Structure formats: C-alpha cells, structure tokens
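Structural overview for review
One letter stands for each residue in the lines below.
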Amino acid sequence: EAANTLRDFLFERVYDVRAARREAERAREVVRSLYWHFTEAPNELPEEFIKLGDGVERAVVDYIAGMTDQYALKIAKEVSK
C-alpha cells in the first residue's frame, strides 16, 4: 500500500508525463525514419546484417534494435541530410 501511495504521489507531483510522451513520440519518429531509410537503401547497412540472410526488413530491424539511443540519433541526423 505504501508503494502505491508513493507511486501516486510521484506521478502527480514529480513526473512530467507530457514530457515523457513527447520523448516517446520523438523516439518513434527516429526509429521510423531509420527503418524507412535503410529499407530504401539497404546497401548502407553494415555488411554483417545483410549476410544473415533473413531479408532486408529483418536486417534493418536487427540493426536498429542494436543501436544505442545516442547512436540512433546520430545516424538519423546523418541520413536526414
């Protein structure tokens, strides 16, 4: 019960849910842009992902899934130029 009370308090007075939603939407946009970019330009994927032989879409998903947040933002910025 105490944990639930603390959780409720934190969500009401500490956490900024709107900011979290904005960040989540930004993250979705980055992942979408990376996905569309690499499915349209699979030759830009690292060779080891193409060699797996599971198709371009799987290679793209695996590549993006292995990215850190900072790396994904960096690559998204580079490919949007």
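Use the structure listed above.
Residues numbered from 1 in each chain as written. Predicted model: local features only at pLDDT ≥ 70, side-chain atom pairs only at ≥ 80, totals over all residues. Heavy atoms only, no water.

Some remarks on the packing of aromatic side chains
This is how the line gets drawn: By convention, a stacked pair of Phe, Tyr or Trp rings (six-membered ring in the case of Trp) has centres within 6.5 Å and planes under 30 degrees apart, an edge-to-face pair has planes over 60 apart, and any other such pair is tilted.
For the coordinates displayed, the defined rule picks out four aromatic pairs. Here the aromatic cluster, defined as three or more aromatic residues joined through ring pairs, consists of Phe38, Phe49 and Tyr63.

A few points about the side chain of histidine 37
How we decide: In this description a helix means any DSSP run of H or I spanning at least four residues, a strand means any run of E spanning at least two, and both kinds are numbered starting from the N terminus. For the exposure calls, accessible area comes from a 1.4 Å probe over protein chains only, and a residue counts as buried if that area is under 20% of its type's maximum, exposed if over 50%, partly exposed in between. In this analysis, two residues are considered to be in contact whenever any of their non-hydrogen atoms come within 4.5 Å of each other.
By the secondary structure assignment, histidine 37 is in helix H2 (residues 17-40). Looking at histidine 37, the relative accessible area reads 19%, which means it is buried. Residues in contact with histidine 37, not counting those within four places in the same chain, are Glu44 and Val79.

Topic: the packing of H2 against helix H5 (residues 69-79)
Rules: Every angle, taken between N-to-C directions, lies between 0 and 180 degrees, and every axis is a line fitted to C-alpha atoms, over only the stretch in contact when it is a helix. For this classification, under 35 degrees means roughly parallel, over 145 means roughly antiparallel, 65 to 115 means roughly perpendicular, and everything else is oblique. We call a crossing left-handed when the near helix sits turned anticlockwise from the far one by less than a right angle, and right-handed when that turn is clockwise. Just so you know the grouping, Ala, Val, Leu, Ile, Met, Phe, Trp, Tyr, Cys and Pro go in nonpolar, Asp, Glu, Lys and Arg go in charged, and all remaining residues, Gly too, go in polar.
Interhelical geometry of H2 versus H5 gives an angle of 55° and a closest axis separation of 10 Å. Taken as axis vectors, H2 and H5 run oblique relative to one another. Two packed elements cross with a definite hand, and for H2 against H5 that hand is left-handed. Contacts between H2 and H5 pair Arg26, Val30, Ser33, Leu34, His37 and Phe38 from the former with Ala72, Leu73, Ile75, Ala76 and Val79 from the latter. Split by residue class, the contact of H2 with H5 holds eight nonpolar, two polar and one charged.

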